[in-house]
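# Observations on the three-dimensional arrangement
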Amino acid sequence: MVNALSGGARAVARCDELGRAPFSDTPGALWRGYLTPAHRAALDRVAAWMHEAGMATRIDPAINLIGRYEGTAEGPPLIIASHIDSVRDAGFYDGPLGVMLGIECVAALYAEGRRMPFAIEVIAFGDEEGSRFPAAMLTSKALAGTLDAVPAMADDAGTSLARALAMFGSTPERMIEARHPGALAYLEAHIEQGPVLEAEGLALGVVTGIAAQVRFAAVIKGLAGHAGTSSMALRRDALAGAAEMVLAIERIAREAGGDCVATVGRLEALPGAANVIPGEVRFTIDVRSGAEARRDDAAEAMLDAIRSIADRRDLEFHVERVHTLPASPCDPRLMDLLEASLVEAGHAPRRLVSGAGHDAMVMAALAPAAMLFLRCRGGISHNPGEHVDPADAEAALAVMLGFIAKLGETCA
Ligand code: GLV
Ligand code: MN
Ligand code: MN
C-alpha cells in the first residue's frame, strides 16, 4: 500500500525548504529567477530528490530538469511537471508544489517496486513566470517544440539571455534542441491561485482549460526637465501620461466584462528623482480572457487608448508584444480519468477554468494535458502569504496516483 500520507506533507515541506536561501535570489524573500544562482541551487537539490525517488536525471538545453522513471514497456512517457522559477516576492507553492508532487508519485511507485507500462518523466521547468527576461514559458515552449527561434533579450541588469544560458552551458540556438519526442499525457498539479475551491469547501478540482493571455512591453518617452522651472503647460511628462494610460487599460478591461482582466504589474519612471520630470516610463501590460476574441478586442482598444493619450500629450511611445498564448482547453479523456480518480478518492467532482497561465497550456501542443488544482488559503498567490494545507497535498497525491493507475489500465 502506498504511503501517500507522508508524501504530500513532504512535498509541502520541500517547497518550504526551496523558499529560503540558497534557493532564493532575494535576501529575506523568495525570488527564483530563470538561470540565476538560486535556480542553479534548486536544480541540484531537486535532482537529488529525484534520484532518491528512483529517477535518472538530466538537464536539457533549455535548462529544464528532467527526472525519468522507466516503465515496463517502450513508448512515450507520462510527463508530470510544473515550474521552479517564481515571481518576485513569491509564495512557496506556485510551481514547485506540482514538481514535488510529481516526485512523490514516483517515490510511491519506487517504494513499492512498481513500474507502469510507460515511463514517467517529472520535469521542473525553468521559466514559467517570465520574472527575469521579458518572455514567459520559454523553457516549456522549447520542450514542447513551439519555440522556433529565441529572440535576443536581456534582464533588467542588462545581462543577455545568451550570457545567462552560457553560465549554464547552453545557448539560445541550442534551446530549440530541448524539443521532446512526444508524450503519452501531461499532468500538472498546481495551487488554484483563486478562491473558488476554498469557498466551496473543496480540496481539489479538475481544470477544464486555461485562459488566453498576451503581454506587452510599453516605453513612453517625454522630456526630462527641471521640476522647479518647467511650467505645467509646457511639460512632456512621461509618467503623467503613463498614469492616464494605466487607468485607460483598467477601464477598458472592466468594460470588456466577463472574465477579461488586465494588469499593469510593473512600471518604472526614469530618471527617477524627486526633482526631475520623468522623461521615460516603461511598463508591462498583461491581458487575459477565456475567449481569445475578447482578449484581442480589449488589447486592441488599450493600444488605441495609449496612442491617443500619447498624441494628445506629445509623447512618443513604443509597444511591443512580448508573449502570446491562445486559450488552452484540457483534454476531455484525461479530465474524465482525473475526475474518476478524484471521485474514487471520496471527493466531490468539481471542474473549473484557470485564469492563471500554466506550462500545461504550452505542453498541450506536445501531448493531451490535464491539470489538478489544489485549494490555497484565501485564494492568495503571487504573494508570500500563499498557503497550502499539507492534508490537501496528501489528497492531491492520492488522486494523482489514482490517475496514473487508470492511465496504466488504458495502456493494457
Ligand atoms: C503565471 O503565474 C501567470 O499566470 O502569469
Ligand atoms: Mn505564477
Ligand atoms: Mn505557476
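Treat the numbers as computed from the prediction; the structure is a model and nothing was measured. The residue numbers shown here count from 1 along each chain, following its written sequence. To read the labels, note that chains go from A and ligands from 1, taken in the order they are written. Per-residue local features of the predicted model are confined to residues with pLDDT of at least 70, and side-chain atom pairs are confined, for both listing and counting, to 80 or more; whole-chain, interface and lining totals are unaffected and use all residues. Side-chain numbers here rest on the full set of heavy atoms in the structure, without hydrogens or water.

## Considering the site of ligand 1
What counts, and what does not: When at least one non-hydrogen atom of a residue lies within 4 Å of a molecule or strand, that residue is treated as near it. Whenever two N or O atoms come within 3.5 Å, that pair is a polar contact, provided that in protein one can donate a hydrogen and the other can accept it, and provided that, for residues adjacent in sequence, both atoms are side-chain atoms. Accessible surface is estimated by sampling points in the Shrake-Rupley manner with a 1.4 Å probe; for residues, cover comes only from the protein chains shown.
Surrounding ligand 1, one finds Glu128, Glu129, Arg215, Arg288, Ala356, Gly357 and His382. Interatomic distance of 3.0 Å between a side-chain N/O atom of Glu129 and an oxygen atom of ligand 1. Note that an oxygen atom of ligand 1 is positioned 3.0 Å from one of the side-chain N or O atoms of His382. Against a free-state accessible area of 200 Å², the protein chains account for coverage of 95% of ligand 1.

## Here's the deal with the domain arrangement of the protein chain
Operational definition: Each domain's limits were defined by an automated method or a database of domain assignments. Whether two residues are in contact is decided by their heavy atoms, any of which lying within 4.5 Å being enough. By definition, the buried area sums, over both parts, the 1.4 Å-probe accessible area that each loses when the two are put together.
For the protein chain, the assigned domains read domain 1 (2-210 + 327-410) and domain 2 (212-325). Spacing between the C-alpha centres of domain 1 and domain 2 amounts to 33 Å. Residue-level contacts link 14 residues of domain 1 with eleven residues of domain 2. Buried area between domain 1 and domain 2, both sides added, is near 900 Å², and the carbon and sulfur share of it is 46%.

## Some points on the coordination of the manganese ion (ligand 2)
When four donors bind a metal tetrahedrally, each ideal donor-metal-donor angle is 109.5 degrees, and when six bind octahedrally, the ideal angles are 90 or 180 degrees. Inclusion rule: Donor atoms: N, O and S within 2.8 Å of the metal, or within 3.2 Å for Na, K and Ca. Because water is excluded, sites can look incomplete. In this description a helix means any DSSP run of H or I spanning at least four residues, a strand means any run of E spanning at least two, and both kinds are numbered starting from the N terminus. Summary of the burial criterion: residues with accessible area below 20% of their type's maximum are buried, those above 50% are exposed, and those between are partly exposed, where the area comes from a 1.4 Å probe applied to protein chains only.
Donor atoms from the polypeptide that coordinate the manganese ion (ligand 2) comprise Asp94 (OD), Glu129 (OE), Glu129 (OE) and His382 (NE2), at 2.0 to 2.7 Å from the metal. The sequence pattern describing where the donors of the manganese ion (ligand 2) fall on their chain is D-x34-E-x252-H. The distance between the manganese ion (ligand 2) and the manganese ion (ligand 3) is 3.5 Å, with Asp94 acting as a donor to both metals. Taken together, the residues Asp94 in the loop between strand E3 (78-83) and helix H3 (96-111) and His382 in the loop between strand E16 (369-374) and helix H12 (390-411) connect sequence positions 288 residues apart. Judged by relative accessible area, His382 falls into the partly exposed class, the value being 43%.

## Some words on the packing of aromatic side chains
This is how it is decided: For this analysis, a ring pair means two rings from Phe, Tyr or Trp (six-membered ring only for Trp) whose centres lie within 6.5 Å, classed as stacked if their planes differ by under 30 degrees, edge-to-face if by over 60, and tilted for the remaining angles.
Tallied over the entire structure, the rule returns three aromatic pairs. Relative to Tyr110, the ring of Tyr69 has its centre 6.3 Å away and its plane inclined at 90°; by these criteria the two rings are edge-to-face. Taken together, the positions of Tyr69 in strand E2 (residues 65-69) and Tyr110 in helix H3 put the pair 41 residues apart, joining distant regions of the chain. For Tyr69, a relative accessible area of 1% translates into the label buried. With a centroid separation of 6.2 Å and an interplanar angle of 55°, the aromatic rings of Phe92 and Tyr93 are classed as tilted. A relative accessible area of 6% places Tyr93 in the buried class.

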